[in-house]
Amino acid sequence: MTRRQTVRPQGTAWEVFCLFLTLGLTSFGGPVAHLGYFRDAVVTRRGWLGERAYADLVALCQFLPGPASSQVGMAIGLQRAGYAGMLAAWTAFTLPSAMLLVAFAFGIGAFETKMGAEAGWVQGLKAAAVAVVAHAVLGMARNLAPDKQRATIAVGGMIVAMLMPTAVGQVLAIAIGAAAGLLWLKPADASADGADNVRVPVSRRAAFACLAAFAVLLVVLPLWAATGDGVATMVDSYYRAGALVFGGGHVVLPLLQAEVVGPGLVDRDAFLAGYGAAQAVPGPLFTFAAFLGAVHQQGPSGLVGAVIALLAIFLPSALLIVGTLPFWDRLRTAPNVRRALMGVNAAVVGLLAAALYDPVFSQGIASAPAMAIAAAGFVALTVWKAPAWAVVVVSGVVGAAVLGAGA
């Protein structure tokens, strides 16, 4: 049965903005932790998406270049409140960390000491991320790997991700999960699994236009930059970084370093200082681009540079989400695709479990008190059903009191 793309948004951009602003202020721990926060907010607490629909979004964004957690946030905003919701989700989730990093670039020295990796409140927030991710892994495993076949796929994905802790390893684990699902899982299970649909208020024409714009900009921007225009050089560098890196987060750093440190646009020491600050702020690591843009331009025009860099590095993700989601929503309902997706979703559980160990647990638990904070946070989330943001806030306060270099 064919159907026209007449889907209406289910909510408002304002509710999306308010939710993602809370997430942008409290989502510490990197992209894997962000996915845990998102799941708690939109699946468990609000029911905007079902478990399988959310996992399918995660699977799609793992395949796309760019920051996976930001792309998932954009997709949630898009399906909830249309284009305005997508813009609201990205703005609210990105703005807090971008503002902090721009302020740091302008030389607010207090941030340099208070945001150090050894600060007690930062260690408390890292411990909270352990609790959030562990809670997400447990919940997703119950729903997406409930039988022996999918549990085996999940463990296999975890093993691949741990033995190959790179973006290549992640893609390989997902590909193996898809093949295992297609060959091993039952079609009946797949058809029953396909009722949880994602509503996408995007036409095919708009989707094709975004995919075309994504490809055209990859060709046109280098030609524009070749003219020697400074703004063109910035846009080209950051757009390419957002369009060509798989794995997101830390994976983009070598490419950014080559784009801005190599040509002398940003001093190496400033680059490393900004990277250190980016570890201690909530939200996506791609907001590091705002810091680099501000340092590159310097002076009053630094804010303009930050905005240009930030928009350029996230633009590919926005174009890809709008361009692929309508086709993905149709494709994912086909029986064979559902079987493959069941395997992919189980593999995603394995990827999250691997990330729970490294880097979330390995970097978040450096002492017995940190372990105690993480355990208490896990119980609060799992048994007492406390919201993730409350666990994060309390963990930061407790960490400031009992952890840190001076504790």
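Parameters and conventions
Residues numbered from 1 in each chain as written. Predicted model: local features only at pLDDT ≥ 70, side-chain atom pairs only at ≥ 80, totals over all residues. Heavy atoms only, no water. Helix = DSSP H or I, 4+ residues; strand = E, 2+ residues; numbered from the N terminus. Buried < 20%, exposed > 50% of the residue type's maximum accessible area, 1.4 Å probe, protein only. Areas by Shrake-Rupley, 256 points an atom, 1.4 Å probe, with all protein chains shown as cover. Axes fitted to C-alpha atoms, helices over the stretch in contact; angles between N-to-C directions. Parallel < 35°, antiparallel > 145°, perpendicular 65-115°, else oblique. Left-handed = near helix turned anticlockwise from the far one by under 90°. Contact = heavy atoms within 4.5 Å. Nonpolar A, V, L, I, M, F, W, Y, C, P; charged D, E, K, R; others polar. Core = buried A, V, L, I, M, F, W, Y, C linked by side-chain atoms within 4.5 Å. Salt bridge = Lys/Arg side-chain N within 4 Å of Asp/Glu carboxyl O. Expected span 1.5 Å × (residues − 1). Bend = angle between axes of the 7 residues up to and from the residue.

The next subject is the overall build of the protein. In terms of regular secondary structure, the protein is built from 18 helices and 0 strands. Looking at the protein as a whole, 53% of its 407 residues are labelled buried. Split by element, the accessible area of the protein, about 17,100 Å² in all, is 68% carbon and sulfur.

Moving on, we come to the packing of helix α1 (residues 13-26) against helix α2 (residues 31-45). Put simply, α1 and α2 touch, their axes get as near as 11 Å, and they point 155° apart. Classed by the angle they form, the pair α1 and α2 counts as roughly antiparallel. The chirality of how α1 crosses α2 is right-handed. Across from Leu 19, Phe 20, Leu 23 and Thr 26 in α1, the residues of α2 making contact are Tyr 37, Phe 38, Ala 41 and Val 42. For the contact of α1 with α2, the per-class residue count stands at 7 nonpolar, 1 polar and no charged.

Attention now moves to the nonpolar core. Ranked by internal contacts, the top residues of the largest apolar core, which has 125 residues, are Phe 20, Tyr 54, Ile 76, Tyr 238, Leu 292 and Leu 325. The element contributing the most residues to this core is helix α4 (residues 68-105), with 17 residues. Residues within four places of Leu 325 in sequence aside, it is in contact with Leu 57, Leu 60, Ala 75, Leu 78, Val 200 and Leu 320.

Below, the discussion takes up unusual backbone geometry. One non-glycine residue, Lys 385, lies in positive phi territory at about 60°. By the element assignment, Lys 385 lies in the loop between α17 (368-382) and α18 (388-402).

Pairing between side chains of opposite charge can happen when their charged atoms approach one another. Per the counting criterion, the structure on display carries 6 salt bridges. Ionic pairing is found between Arg 39 and Glu 51, a salt bridge with its closest N-O pair at 3.1 Å. Here Arg 39 is found in helix α2, whereas its partner Glu 51 is found in helix α3 (residues 51-63), with 12 residues between them in sequence. Take Arg 39: its relative accessible area is 5%, and that puts it in the buried class. When the shortest N-O distance is used, the salt bridge between Asp 236 and Arg 240 registers 2.8 Å. With Asp 236 and Arg 240 both in helix α11 (residues 230-244) and 4 residues apart, the pair spans about one turn of that helix.

Time to look at the packing of α11 against helix α15 (residues 302-331). Two numbers describe how α11 lies on α15: the axes approach to 8 Å, and their chain directions differ by 40°. It follows from the interaxial angle that α11 and α15 lie oblique. Considering how the two elements wind past one another, α11 and α15 form a crossing that is right-handed. Across from Val 231, Met 234, Val 235, Tyr 238, Tyr 239, Ala 241, Gly 242 and Ala 243 in α11, the residues of α15 making contact are Gly 305, Ile 308, Ala 309, Ala 312, Ile 313, Leu 315, Pro 316 and Leu 319. Here the residues of the contact of α11 with α15 are counted per class, giving 14 nonpolar, 2 polar and no charged.

For Arg 150, the location among the structural elements is in helix α7 (residues 148-163). Using a relative accessible area of 10% as the deciding quantity, one classes Arg 150 as buried. Beyond its immediate chain neighbours, meaning those up to four positions away, Arg 150 contacts Leu 144, Ala 145, Leu 185, Met 342 and Ala 346.

Relative to the elements of secondary structure, Leu 311 occurs in helix α15. On the basis of relative accessible area, Leu 311 is assigned to the partly exposed category, the value being 47%. Put simply, Leu 311 and Thr 287 are 24 residues apart on the chain and 9.7 Å apart in space, counted from C-alpha to C-alpha.

Residues separated by three or four positions in an α-helix point in the same direction, a consequence of the helix having 3.6 residues per turn. Counted at 1.5 Å a residue, the expected span for α17 with its 15 residues is 21 Å, and the 21 Å between its end C-alpha atoms agrees. Tucked into the core, α17 has its buried residues touching α6 (120-144), α16 (335-364) and α18.

Glancing now at α2. Relative to the 21 Å expected for 15 residues at 1.5 Å per residue, α2 spans 20 Å between its end C-alpha atoms, a close match to the ideal helical length. Its maximal kink placed at Arg 39, α2 deviates by approximately 30°. The element α2 is largely enclosed, with a buried count of 12 among its 15 residues. Residues of α2 that are buried sit in contact with α1, α3, α4, α6, α16 and α18. Taken from the residues just after α2, Gly 47 is the one with a positive phi, measuring 65°.

These results come straight from atomic positions and should not be treated as a statement about function.
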